[in-house]
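# Notes for the structure review
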Amino acid sequence: MPDVAADIAGRPLLELLDALRAGDLGAVELATACLEAIAAREEELRAWVTIDRDAVLARARELDALAPADRGPLHGIPVGVK
């Protein structure tokens, strides 16, 4: 069975932006995929000090509710700071 989360999270940035703009992908769906991909490898990589899953998903829901005219150029793209 293919790993859907890794497939979505591993897509090129421009492809993700196009899918978000077209409505083929939502910010919640992308955020969830990224969180799942992180969880799948975090024990091995230990790359994150903290991830606030609830805050990430709450913000993604807010972004999905915005009208297209109110969306920025990187609308819906999750960003982690290291």
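The notes below deal with the structure included here. (Residues numbered from 1 in each chain as written. Predicted model: local features only at pLDDT ≥ 70, side-chain atom pairs only at ≥ 80, totals over all residues. Heavy atoms only, no water.)

### Let's talk about the overall build of the protein chain
What counts is decided by this rule: Only DSSP runs of H or I reaching four residues or more are called helices, and only runs of E reaching two or more are called strands; each is numbered from the N terminus. It is over C-alpha atoms that the radius of gyration is taken, and the globule rule equals 2.2 Å times the number of residues to the power 0.38. A 1.4 Å probe rolled over the protein chains alone gives each residue an accessible area, and that area as a share of the maximum for its type sets the label: buried under 20%, exposed over 50%, partly exposed in between. Here, residues are in contact when the closest pair of their heavy atoms is within 4.5 Å. Using a 1.4 Å probe, the Shrake-Rupley method yields the accessible areas, and only the shown protein chains count as cover for residues. The charge count treats Lys and Arg as positive and Asp and Glu as negative. His and the chain ends do not count. Every charge is mapped to an atom, namely NZ of Lys, CZ of Arg, CG of Asp or CD of Glu.
For the protein chain, the count of helices and strands is four helices and zero strands. Each helix and strand of the protein chain, placed in order from N terminus to C terminus, yields the pattern α-α-α-α. In terms of overall dimensions, the protein chain is globule-like: its C-alpha atoms have a radius of gyration of 13 Å, near the 12 Å expected for 82 residues. Projecting the C-alpha coordinates of the protein chain onto the three principal axes gives extents of approximately 40 × 30 × 20 Å. In the protein chain, which comprises 82 residues, the proportion classed as buried is 26%. The contacts in the protein chain between residues at least 6 apart in sequence include a share of 61% that link residues at least 24 apart. On the protein chain, roughly 5,900 Å² of surface is accessible, and the fraction owed to carbon and sulfur atoms is 57%. Taken as two groups, the 9 positive and 15 negative side-chain charges of the protein chain have centres that lie 4 Å from each other.

### Overview of a nonpolar patch on the surface
The following threshold applies: Only residues whose relative accessible area exceeds 30% and that form no salt bridge enter a patch; like-charged residues are grouped when within 9 Å of one another, and nonpolar side chains (Val, Leu, Ile, Met, Phe, Trp, Tyr) when within 5 Å. One side-chain nitrogen of Lys or Arg within 4 Å of one carboxyl oxygen of Asp or Glu is enough to make a salt bridge.
A cluster of nonpolar side chains, W48, I51 and V56, forms an exposed patch at the surface whose accessible area comes to about 230 Å². By secondary structure assignment, the location of I51 is in the loop between α3 (27-45) and α4 (53-65).

### A few points about the pattern of salt bridges
Across all of its chains, the model carries three salt bridges by this definition. We note a salt bridge from E44 to R41, for which the minimum N-O separation is 3.4 Å. With E44 and R41 both in helix α3, this residue pair falls three residues apart, about one helical turn. On the basis of relative accessible area, R41 is assigned to the partly exposed category, the value being 42%. Measuring nitrogen to oxygen at the nearest pair gives 2.9 Å for the salt bridge that ties R59 to E62. You can see R59 and its partner E62 sitting in helix α4, three residues apart, about one turn around the helix. Take E62: its relative accessible area is 46%, and that puts it in the partly exposed class.

### A few points about the nonpolar core
In plain terms, the rule: Put simply, a nonpolar core is a bunch of buried Ala, Val, Leu, Ile, Met, Phe, Trp, Tyr and Cys residues held in one set by side-chain atoms that sit within 4.5 Å of each other.
In terms of nonpolar packing, the biggest core is built from 11 residues, these being A5, I8, L16, L17, A19, L20, L25, L30, A33, C34 and I77. Elements that contribute at least two residues to this core include exactly α1 (4-9), α2 (13-22) and α3. At four residues, the largest contribution of residues to this core is made by α2. Other than its neighbours up to four places away in sequence, I8 contacts L16, L25, E29, L30 and A33. Judged by nonpolar contacts, the second largest core, of six residues, contains A27, A31, L35 and A60.

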